[in-house]
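Topology and contacts: notes
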Amino acid sequence: MNSFSRESKNKKNRREFLRNGMVAAGAATLGTGLLASGAPALAQQEKEKSGQLPKGDAAILRFLAAAEIIETDLWVQYNELGGIQDNEVPGGSGSPLYTAALQVLDGDMNQYIHDNTEDEFTHETFINAYLASKGADTVNLEPFRTLPGSTATGSSGKPRLTNLMKLTVDTSWWTRYRSRTQNPDFGDTFPQAVPSLAAGQHPAIPRTDADLSPSNHLQAIANTAGFHFATIEQGGTSLYPSLAQRVSSSEVLQIVLSIGGTEAIHFQTWHDKAGNAPPLTDPSDSTLVFPDLNAPPLGGEDFQTNLIMPEPTVFLSKSLPACSIIRPTNTTGAATGALNFLTAMGLFIGQSAPFFALLRELAEEADAARREGER
Ligand SMILES: [Fe+2]
Ligand SMILES: [Fe+2]
């Protein structure tokens, strides 16, 4: 088999995987970019894959479906232990001590966790249903539901797609959204709010009942979750407008704008709650320190914890006036960037090579999408 037909076969296998939820033979050998325009068999396959949607729109929606499946999986784990388990968001039976530690950040944390979880379910279900309604391939990650989750009392114990027990949490959104002069789309970088969360590996849920004490250890886990909530949701807040710029159909644009706005609502809520995380050092891990965010090097009129709305900053051109905006929103490589961000967070520790190959392919196809009429 020459390399071209091998690449074609791998792509076809992964498509069948997407359609049927079966692990395709050879999916681990990742094919890249050998999609030949004009090859009749491939053109037919691409048409099947996109149905009545523009090819790029279907690819963008499929990547977003995968991101939403991942979001749902992690939020379900939080809801089982620290949210509200009911018929809207079933699963688990709650960990009273973890729930109480989360409520130190806000008395309504369990309600917000429940509602964020329900939202992600609906995002995932809607996007896949819309793809199917247009005859396009959908996304199914169920065969990768293999990771052991928490065994603490209250967890359902079902296998997971994501790992919340070894997180490295980038907290630079805290300073990014408070900057009046810098924007990541200009290449600017931002200091961490909680430097020790951005290094090492930290649990955001109790791994076993042993994590329920001492109380400051459990509080450190709840604080980690509090920052992780905002880190995840600011990622979604940037991802949707970044990809919207390359959507062609006005209806798909309506979907991306309408779902994307709810990610910003989630982020705003969690940004507010993270600022209430009590300063402490984890007695079980002295390297994990939650600082007083109202004291130097943060705090003051630029960094105080109640500055939860985006400070106006430079946008598009430094010659234009400052503007209060979501950032980053650069569209180039946005899907691959989101996948790298989730991977670097440790969310997929323990996942298989075929899982990464499939997500990489979905991201690359989304990043290859171009708005019709623009090349
Ligand atoms: Fe979502
Ligand atoms: Fe979200």
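A brief structural summary.

How each quantity is defined
- Residues numbered from 1 in each chain as written.
- Chains lettered and ligands numbered in written order.
- Predicted model: local features only at pLDDT ≥ 70, side-chain atom pairs only at ≥ 80, totals over all residues.
- Heavy atoms only, no water.
- Helix = DSSP H or I, 4+ residues; strand = E, 2+ residues; numbered from the N terminus.
- Expected span 1.5 Å × (residues − 1).
- Axes fitted to C-alpha atoms, helices over the stretch in contact; angles between N-to-C directions.
- Parallel < 35°, antiparallel > 145°, perpendicular 65-115°, else oblique.
- Left-handed = near helix turned anticlockwise from the far one by under 90°.
- Nonpolar A, V, L, I, M, F, W, Y, C, P; charged D, E, K, R; others polar.
- Salt bridge = Lys/Arg side-chain N within 4 Å of Asp/Glu carboxyl O.
- Buried < 20%, exposed > 50% of the residue type's maximum accessible area, 1.4 Å probe, protein only.
- Donors = N, O, S within 2.8 Å, 3.2 Å for Na, K, Ca; no water.
- Tetrahedral: all angles 85-135°; square planar, octahedral: opposite > 155°, others 65-115°.

The next point concerns helix 5 (residues 109–133). For helix 5, built from 25 residues, the straight-helix expectation of 36 Å at 1.5 Å per residue is met to within 8% by its first-to-last C-alpha distance of 36 Å. Remark: G135 follows helix 5 within two positions and exhibits a positive phi of approximately 75 degrees.

Bringing the packing of helix 3 (residues 55–82) against helix 5 into the picture now. One can describe the packing of helix 3 onto helix 5 by two numbers: an axis separation of 8 Å at closest approach and a directional angle of 150 degrees. The angle between helix 3 and helix 5 falls in the class roughly antiparallel. The crossing of helix 3 and helix 5 is left-handed. Residues belonging to the contact of helix 3 with helix 5 are distributed by class as follows: 13 nonpolar, nine polar and five charged.

Attention now goes to the pattern of salt bridges. In this structure the tally under the stated criterion is ten salt bridges. The closest approach of N and O atoms between E142 and R145, which form a salt bridge, is 2.9 Å. A salt bridge links D211 to R207, with the shortest nitrogen-to-oxygen separation between them at 2.7 Å. Residue classification places D211 among the buried positions, given a relative accessible area of 5%.

The iron ion (ligand 2) binds to the protein through E71 (OE), E120 (OE), E233 (OE), E233 (OE) and E263 (OE); the donor distances cover 2.0 to 2.8 Å. Positions of the donor residues of the iron ion (ligand 2), expressed as sequence spacing, correspond to E-x48-E-x112-E-x29-E. The distance between the iron ion (ligand 2) and the iron ion (ligand 1) comes to 3.3 Å, and E71 binds to both of them. Placement of the pair is E120 in helix 5 and E233 in helix 7 (residues 215–244), with a sequence separation of 113 residues.

Attention shifts here to the coordination of the iron ion (ligand 1). Each protein donor to the iron ion (ligand 1) is listed here as E68 (OE), E68 (OE), E71 (OE), E120 (OE), H123 (ND1) and E263 (OE); together their distances run 2.0 to 2.5 Å. Each of the six donor atoms around the iron ion (ligand 1) contributes to a set of angles spanning 56 to 168 degrees, which defines the coordination as irregular. When the donors of the iron ion (ligand 1) are listed by position in the chain, the intervening gaps give E-x2-E-x48-E-x2-H-x139-E. Under the relative-accessibility criterion, E68 is labelled buried at 1%.

Such coordinate-based values are descriptive only and should not be taken to indicate function.
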